[in-house]
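# Structural description and commentary
Residue strings, one per chain:
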Amino acid sequence: MSEATSFNQNPIGTGPMVFVEAVSEQYARFNMNKSYWRGTPHLDEFVWAVIPDEDAQVIALSNGEIDVIKNVYGPDMEQRILDTGDTVIYQLLGAFTRTVYFNQVNYEPFQDKLVREAIAYGFDKDAVVNAIYGVEGAVADQLFNTTHWGYNPDVRLIDYDEEMAKTKLAEAGWEDTDGDGIVDKDGQPLSFTVTVENGREADAQAFQDYMGRIGIEISIQSFERAVWYEHRDSGDWDVFIGWDGSALAEDALTRRVTDGWASSMNPDIDDRVLIISSSLDQQARIDAAQEIMAIIQEEVYSIPYSYYQSKIAVKDYVKGLQDPPTGADYQATGVFYHLEDLYIDQS
């Protein structure tokens, strides 16, 4: 057994919980750390139950078998939960941003900023988010959402403009010279593959539709999650539609921008990621993160299009909950921010 495997099965940390046991695909059980440095927790035990089926989750909540449902998916599930009574549903922006990533290493045309700009102008984010996610969606304008300390309110915005998209392609030398509806350059069509996870094809299909309107040909390949992760990390793709958390800004930016997802190859970003990961000056970290957001949006290294909005259902006798101050804190803790303050009041 490796040290990593041993640690995963018997984790030790400095947080408010002490690991007791875990049964794969069933539950993880924790006692509370009565010596926790922030204060003695009120609860005695915390159990993370694995219940894959949504109907079973709602029934368990209604029967009092569980006190929380971490993710409430869709208005139907939300209404069924509310119908059980004595339950509060919290909603706030999570730290996941659905994004279109360009692989500049794998597909050379993406090294041209004009091409990346054309694609951004040609993708109607507002219409796509409204059609696919409805009230559950929030249109994104950068990788970090408005509650994250790295969010920059002054970044470049590219609004949907089909004619501008076509103009940018023409400026880059891409035109439909043979009348087949696909722009080409030096005899090669602007044609690439979009990779997405199984069950997320609607996002890719919407992107495909809008690109077709400006003369770009797209094929779609989807994989089940484990294979999708492997394929993503291999770098053997043209465009990747994905989402990732930003609890640790330096980790998210390394994965999303500098390493393989967007392949920015921009030393100005690398330098600022180093500041975020090493500086103890939070204002310096904030400035670096916001500068990175500005660079990404100016250079169109990726197209963030939708923020994940998370809903969590909690029985109303669970007290002491706090809304985290930032989306980054939410990604790590949900409404259990400062778990030591939670207590049960069934009086």
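On a predicted model such as this, the values are computed, not experimentally measured, just so you know.

## Section: the packing of helix α10 (residues 267-278) against helix α11 (residues 282-299)
Look at α10 against α11: their axes get within 8 Å of each other, and the N-to-C directions meet at 155°. On the basis of their axis angle, the class for α10 and α11 is roughly antiparallel. Viewed along their axes, α10 and α11 form a crossing whose handedness is left-handed. Along its contact with α10, which presents D268, I269, R272, V273, I275 and I276, the element α11 presents A284, R285, A288, A289, E291, I292, I295 and I296. Taken together, the residues that form the contact of α10 with α11 break down as 10 nonpolar, no polar and 4 charged.

## Overview of the packing of helix α4 (residues 113-121) against helix α6 (residues 162-171)
At their nearest, the axes of α4 and α6 sit 8 Å apart, and the two run at 165° to each other. Here α4 lies roughly antiparallel to α6, going by the angle between them. Crossing handedness for the pair α4 and α6: left-handed. On α6, the residues that touch L114, E117, A118 and Y121 of α4 are E162, M164, A165, K168, L169 and E171. Taken together, the residues of the contact of α4 with α6 sort by class into 6 nonpolar, no polar and 4 charged.

## Remarks on the layout of surface pockets
A volume near 790 Å³ is recorded for the second largest pocket. As for the second largest pocket, its lining consists of 23 residues, of which V47, W48, A49, I66 and V68 are closest to the centre. When contributions to the lining of the second largest pocket are tallied by element, the ones reaching two or more residues are β3 (45-49), β4 (68-69) and β14 (343-344). Broken down by element, the residue count for the lining of the second largest pocket peaks at 5 residues, all from β3. Of the residues belonging to the lining of the second largest pocket, the class tally is 16 nonpolar, 2 polar and 5 charged.

## Some points on the sheet that holds strand β1 (residues 17-23)
The sheet built from 3 strands is open, its strands ordered β1-β2-β3 with antiparallel pairing. Every interior strand has two partners, whereas the edge strands, β1 and β3, have only one. On average, adjacent strands in this sheet sit at an angle of 20° to one another, irrespective of strand direction.

Reading the values: rules and limits
Residues numbered from 1 in each chain as written. Predicted model: local features only at pLDDT ≥ 70, side-chain atom pairs only at ≥ 80, totals over all residues. Heavy atoms only, no water. Axes fitted to C-alpha atoms, helices over the stretch in contact; angles between N-to-C directions. Helix = DSSP H or I, 4+ residues; strand = E, 2+ residues; numbered from the N terminus. Parallel < 35°, antiparallel > 145°, perpendicular 65-115°, else oblique. Left-handed = near helix turned anticlockwise from the far one by under 90°. Contact = heavy atoms within 4.5 Å. Nonpolar A, V, L, I, M, F, W, Y, C, P; charged D, E, K, R; others polar. 1 Å grid on protein atoms, 1.4 Å probe; cavity = no way out; pocket = protein on both sides within 12 Å on 5 of 7 lines; lining within 4 Å. Points joined across faces, edges and corners; volume = space filled by probe spheres on them. Pairing = 2+ DSSP bridges.

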